[in-house]
Amino acid sequence: MSLLKLTDVAMVYGGRVTALEHVNLTVEKGDWLAIMGPSGSGKTTLMNIIGCMDKHTAGQVVLDGIDLNEVTKNELTQIRRDKIGMVFQQFHLIPYLTAVENLMVAQYYHSIPDRKEAMAALERVGLADRADHLPSELSGGEQQRVCIARALINYPVLILADEPTGNLDEKNEKLVMDLFRELNREGHTIITVTHSDKVGQAAKRIVIIEHGHLRDA
Amino acid sequence: MFWQMVKGAVLRQGRQLLFVALTVALGVSLATAMLNVMFDVGDKVNQELKAFGANITVTSKNASILKDIYGLDNASAPKEYLAESDIGKLKTIFWTNNIVAFSPHLAGNLKLDGGSEVAVSGTWFDHYMKLPTGEEFSTGEQYLKSWWQVEGAWPKETEPDSVLVGKTLAQKLNVKPGDSISYVKKDGTKAVFRIAGLVSGGGEEDDQIVAQLPAVQQALGLEGKIDSVNVSAMTTPENELARRAAANPKSLSLKEYEIWYCTSYVSSIAFQIEEVIANSVARPVRQIAESEGRILDKTQLLMLLITVLSLLSATMGVSNLVSANIMERSKELGLLKAIGATDRSVVILVLTEIFMAGLIGGVAGYVAGLGFAQIIGHAVFGSSIAINMLVIPILIVLLILMLLLGSLPAIRSLLGLHPAIVLHGR
Ligand SMILES: Nc1ncnc2c1ncn2[C@@H]1O[C@H](COP(=O)(O)OP(=O)(O)O)[C@@H](O)[C@H]1O
Ligand SMILES: [Mg+2]
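Remember, it's a predicted structure, so these values are computed and weren't measured experimentally. Within each chain, residue numbers correspond to sequence positions counted from 1 in written order. Whichever chain is written first is A, and whichever ligand is written first is 1; the rest continue in order. Owing to the predicted nature of the model, reporting of local features is limited to residues with pLDDT of at least 70; listing and counting of side-chain atom pairs is limited to 80 or more, with chain, interface and lining totals taken over all residues. Note that the side-chain values use all heavy atoms of the structure and ignore hydrogens as well as water.

With that settled, the discussion passes to the overall build of chain B. Looking only at helices and strands, one finds 14 helices and 14 strands in chain B. Split into buried and exposed, the 426 residues of chain B put 47% on the buried side. In chain B, once contacts between residues fewer than 6 apart in sequence are set aside, the share between residues at least 24 apart is 74%. As displayed, chain B offers around 20900 Å² of accessible surface, 61% of which is attributable to carbon and sulfur atoms. Think of it this way: any DSSP run of H or I at least four residues long counts as a helix, any run of E at least two long counts as a strand, and we number them from the N terminus. Burial here depends on accessible area, computed with a 1.4 Å probe over protein chains only, as a share of the maximum for the residue type. Under 20% is buried, over 50% is exposed, and the range in between is partly exposed. Contacts: residue pairs with any heavy atoms within 4.5 Å of one another. Under the convention used here, a 1.4 Å probe and the Shrake-Rupley method define accessible areas, while residue burial counts only the protein chains that appear.

When helices and strands are counted, chain A shows 7 helices and 10 strands. Split into buried and exposed, the 217 residues of chain A put 58% on the buried side. Restricting to contacts in chain A with at least 6 residues of sequence separation, those with at least 24 account for 70%. In the structure as shown, chain A presents an accessible area of about 9200 Å², 49% of it carried by carbon and sulfur atoms.

Strands pair in a sheet through their backbones, by hydrogen bonds, and they do so in one of two ways: parallel or antiparallel. All names here are of chain A. When DSSP locates at least two bridges between a pair of strands, those strands are taken to pair. Sheet architecture is open: 4 strands sit in the order β2-β1-β4-β5, paired in antiparallel fashion. Pairing within the sheet leaves two strands with one partner each, and these edge strands are β2 (17-27) and β5 (66-67). In terms of strand pairing, strand β4 (residues 58-63) meets β5 through 2 bridges, oriented antiparallel. Bridged to L63 within β5 is I66. Only the stretch in contact is used when a helix axis is fitted, and all axes are lines through C-alpha atoms; the angle between N-to-C directions ranges over 0 to 180 degrees. Sheet strands in contact with helix α1 (residues 43-50) are β1 (4-13), β2 and β4, and its direction is about 120° off that of β1.

Before going further, it helps to spend a moment on a nonpolar patch on the surface. Taken together, I387, M389, I392, I396, I400 and L404 of chain B make up a surface patch of nonpolar side chains, about 520 Å² in accessible area. Relative to the helices and strands, L404 of chain B resides in helix α13 (residues 391-416). Every patch collects residues that have over 30% relative accessible area and no salt bridge, joining them within 9 Å if they carry like charges and within 5 Å if they are nonpolar side chains (Val, Leu, Ile, Met, Phe, Trp, Tyr). Just to be clear on terms, a salt bridge is a Lys or Arg side-chain nitrogen sitting within 4 Å of an Asp or Glu carboxyl oxygen.

This part is about helix α4 (residues 115-124) of chain A. Residue and element names in this part refer to chain A. Restricting attention to buried positions, one finds in α4 the residues A118, A121 and L122. Relative to the axis of α4, the buried residues are bounded by an arc of 100° and lie together on one face. Of the residues in α4, the exposed ones pointing more than 90 degrees away from the buried face are K116 and E123. Tucked into the core, α4 has its buried residues touching α3 (99-110) and α5 (140-152). Once α4 finishes, G126 follows within two positions and takes phi at roughly 75°, a positive value. By definition, the arc is the one covered by directions from the helix axis to the C-beta atoms.

Residue and element names in this part refer to chain B. Pairing of aromatic rings covers Phe, Tyr and Trp, the last through its six-membered ring, and needs centres within 6.5 Å; plane angles under 30 degrees mean stacked, over 60 mean edge-to-face, and all others mean tilted. One pass over the structure, following the stated rule, counts 13 aromatic pairs over all chains. Look at W148 and W154: their rings are 6.0 Å apart centre to centre, the planes differ by 15°, and that puts the pair in the stacked class. Seen in terms of ring centroids, Y257 and W260 are 5.8 Å apart; in terms of plane orientation they differ by 55°. Their pairing is tilted. Of this pair, Y257 and W260 are both found in helix α8 (residues 254-261), 3 residues apart, which corresponds to roughly one turn of the helix. Relative accessible area serves as the criterion here: at 0%, W260 is assigned to the buried category.

It is worth spelling out the interface of chain A and chain B at this point. Across the contact, 27 residues belong to chain A and 29 residues belong to chain B. Summed over both sides, the interface between chain A and chain B buries roughly 2500 Å², with carbon and sulfur atoms accounting for 65% of that surface. The interface formed by chain A and chain B holds 1 salt bridge in total. Side-chain atoms alone can form a polar contact between residues adjacent in sequence; in general such a contact is a pair of N or O atoms within 3.5 Å, and within protein one must be able to donate a hydrogen while the other accepts it. One can count 6 residue pairs in polar contact (both at pLDDT 80 or more) joining chain A with chain B. The biggest single contributor to the side of chain A that touches chain B is α3 of chain A, with 6 residues. The residue inventory of the side of chain A that touches chain B, partitioned by class, reads 14 nonpolar, 7 polar and 6 charged. Two parts placed together each lose some accessible area under a 1.4 Å probe, and the buried area is that loss summed for both. Under the scheme applied, nonpolar residues are Ala, Val, Leu, Ile, Met, Phe, Trp, Tyr, Cys and Pro; charged residues are Asp, Glu, Lys and Arg; polar residues are all the others, including Gly.

To continue, consider the environment of E70 of chain A. One can find E70 of chain A in the loop between β5 and α2 (73-83). Along the sequence, E70 of chain A and Q60 of chain A sit 10 residues apart, while their C-alpha atoms lie 9.8 Å from each other.

Moving on, we get to the packing of α3 of chain A against α5 of chain A. Residues and elements named next belong to chain A. Orientation of α3 relative to α5, taken along the N-to-C sense of each, is 30°, at an axis distance of 9 Å. The angle between the axes of α3 and α5 places the two elements in the roughly parallel class. Handedness of the crossing formed by α3 with α5: right-handed. Along its contact with α3, which presents A99, N102, L103 and A106, the element α5 presents V146, A149 and R150. By residue class, the composition of the contact of α3 with α5 is 5 nonpolar, 1 polar and 1 charged. Just so you know how the angles are binned, under 35 degrees is roughly parallel, over 145 roughly antiparallel, 65 to 115 roughly perpendicular, and the rest oblique. Less than a right angle of anticlockwise turn of the near helix away from the far helix marks a crossing as left-handed, whereas a clockwise turn marks it as right-handed.

Here we take up the nonpolar core. For our purposes a nonpolar core is just a set of buried Ala, Val, Leu, Ile, Met, Phe, Trp, Tyr and Cys residues, chained together by side-chain atoms within 4.5 Å. In this structure, L122, F180 and I191 of chain A together with L336 of chain B are the most contacted members of the largest nonpolar core, which totals 119 residues. Excluding residues within four positions of it along the chain, I191 of chain A makes contact with L4, V27, L33, I35, M47, I50, L158, I159, L160 and A161 of chain A. Core analysis: the second largest hydrophobic core is formed by 47 residues, A215, L222, V231 and I277 of chain B among them.

With that settled, consider the pattern of salt bridges. What the rule picks out here adds up to 23 salt bridges over all chains. A salt bridge links R124 of chain A to E182 of chain A; the nearest nitrogen and oxygen atoms lie 3.3 Å apart. With a gap of 58 residues between them, R124 of chain A in helix α4 and E182 of chain A in helix α6 (residues 170-185) connect regions that are remote in the sequence. Taking relative accessible area as the criterion, R124 of chain A reaches 26% and is therefore assigned partly exposed. Put simply, E353 of chain B and R329 of chain B hold a salt bridge, and the shortest N to O gap is 2.8 Å.

Residues and elements named next belong to chain B. Remark: helix α12 (residues 343-381) packs on α13, axes separated minimally by 9 Å, with the N-to-C direction vectors making an angle of 145°. Helix-helix and strand crossings are classified by hand; for α12 and α13 the assignment is right-handed. Contacts from D343, V346, V347, V350, L351, I354, F355, G358, G362 and Y366 of α12 reach α13 at I392, L395, L399, I400, L403, L404, S407, I411, L414 and L415.

It is worth spelling out the pairing of strand β11 (residues 208-212) of chain B at this point. Residues and elements named next belong to chain B. When you tally the buried positions in β11, you get 5 out of 5 residues, the bulk of the element. Across 5 bridges, the pairing between strand β4 (residues 117-123) and β11 is parallel. Of the residues in β11, the one forming a bridge with S121 is V210. Judged from the 2 bridges that link them, strand β8 (residues 162-166) and β11 form a sheet pairing that is antiparallel. Each bridged residue has a counterpart across the sheet, and for V165 the counterpart in β11 is I209.

All names here are of chain A. Strand direction decides the pairing type here: strand β3 (residues 32-36) and strand β9 (residues 205-210), joined by 4 bridges, are parallel. Bridge assignment links M36 to a residue of β9, and that residue is I208. Bridging between β9 and strand β10 (residues 213-216) involves 4 bridges; their strand directions are antiparallel. By the bridge assignment, I208 is partnered in β10 with R215. What sits between the antiparallel neighbours β9 and β10 is a turn of 2 residues, in which H211 has the positive phi angle 50°.

Written out as C-alpha cells, the structure is:
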C-alpha cells in the first residue's frame, strides 16, 4: 500500500477560485518527491491538503491508510500531529521560545515534552550549541534547521517542506538540502515544493504543477 | 511547557496584557468601591437622615390613648401634659449620645385682636441647657428642622415675643417680617408677637404661628407644661428582635432583653425615654422610617447600576484588547494549530494569559477600590466606609464572568483561525 494516494483531487477556494483540479499522485514509503511549478500554480494548496491543514473539495486522499474524506476536523488535527512533519518557507518559529523550547512545544501538543529528545533532535541538525537561543538570535539557515528538527521530533511518516530554501542564501540552502538528503537516506519520506531547479534535482522524483494541474516531469 | 509558553507570551505581550489588566482594574475598582459603599450605606444614610427631622415623638400617656382610641386630638377633651422640667432627663438615658437633638412643643389656638383664631405652637428654637449631668447642650427646632426655609431671621430667646409665621398664614394675615400681631391671652389681657421671619416647611407650621415656648405657655395659661417632645436619635436599623421588643419588651428572655436594651434600636431608645420621663409615651415616627427605607433602596439601586455599568464597559474594553491581540498573534497561534495543537488547547492557552492579566488587574483594582470607597465615604458621608468581606466572592464571580465574556469574541475568531490560511506561503 502506498503511503499517500491522491485520486482526482480538486480544491476550489470559496466556491470560485479553482486552485487544484484532477490531481492524481502516489507517494511510496522512502520516496522523495519534488513538486515544482511557478508561483500561484497551487503548490502550497497541495501541500496543505497533504499536510491535513486544509480539506480538499473533491476527490480522494488516502494517507497512511486513512481516507481523509472520512475524518472530522478534530481527527484531521490529530492525524497532522501524528503523521506529518512540516517545514515552512518562512520558518515559523514561536518568537518568544528558545530553539529547544520550540521543539518541546511540538512534543507537548503531541504527547509530553522531553528535553533530552529535543536536544538530540537539535544535535541531529547540528544546532546543539544554539539550543537556548531565541529565533531572533539565529540566522535564517539555523532557524530553518530548527524547523526541520521540529518536523522530525514526533517521528512523522511524511515530511512536507514548502519552499524550504526559498528564503535562504546558497550556503544555507546547501546545508538544508544535505540534511534532507541524509534524512531520505535514513528512510524518511519527503515531499518538497520548490521552484528552484537545483533544489528539485536533489529529489528522487519530480512532478510539475501548472494552473492546478499535475504532470510528470 | 504550558507555563513556559504562558510566561513567554506574557513577557512578550507585556504591554497589551498590561492594558487588559488596567482595564480590569478600572472596572473592578469602581465595583469594589460601589459594593462596599452600598453595603455600608445603610448605616450611613441612616445617620444622614437623622439630620432630617425627628424620629421619636414623646407625648403624655393619656393624650396618646385618646389619640389611639378616637384618632384625633380633641382640643375640648381634658388634656394631659408633660412637665417641661423633665426634658433634660432625655440626656440621662443609656443612649444619650445617640440623641442628637430634641424640641418641646405646646400647641393651642389663640384669638387675634381682629377676632380670628389661629393655631400657635410653642417650642425652642435654639435653647441652651445645662444637663443634670453637668454637661452643656444646645438644641431646638433649628437643629431638627434642617429643611425649614426661613425668610427673615430665626427668633432669639433674648426676645421672648419674637415668632415665625407660616408662609400660608402670613399671606392670609397679610403680614411680613418686622410686623407685629396682637392677640388675646387666656386671662383676657392683650399681648403682641413680633414677626422675626416667615417659615415654609411643607407641614403644619405653614399655617401656624411658631412662637417661643414660654410665651405660648403664658398665653394658654399652661406654665411649665408641654404636650410633646420631638427627638432625633441615631438608630440601628430594626431587626426581628427589635420588632418583637417593640411589640412587647416583656416577651424577651433576659439575655435578649439585654441585647435589645444595649442596642440603639429606635424601640429601645423609645423605651428608655419612657423610663425617664414620667407619664410619657415615646413612639417611633413611622413616616420617616419608611422614607428612609425608600431613599436607601434608591441609593443602593443607583450604586448597583454604576457597578454593572462599570463592569460592562470594562468587559467591552477587555473584549477589544483581546481581539486585537489575537489578530496580531494569528500567525503564532495558527502555527500552534499547525504543529498539532487542538482548538481547545489554544483557547486554554489564550484564556490563561487573559486570566492572569485579569487576576493581577482584579487585585490591583480591589485595592484601589477600597481607596475609592474611603474617598467616597469621606466626601459624601464624612466618615470611613467599613470594608465588607462579602464583596470579595461577589467580585471574583463578576471578574470571571467579565473575563469570559470579554474573551468570547476572541475565542470565536480563534476557533475560526485556519492554520492553512495563516501560514500560506504568501
Ligand atoms: N485561501 C485562499 N482563498 C482563495 N484563493 C486562494 C487561497 N489560497 C490560495 N488561493 C489561490 O489559489 C491559487 C494557488 O495558490 P498557492 O497554492 O498559494 O500557489 P503557490 O504556492 O504555487 O504559489 C492562487 O491563485 C491563489 O490565489
Ligand atoms: Mg506557495
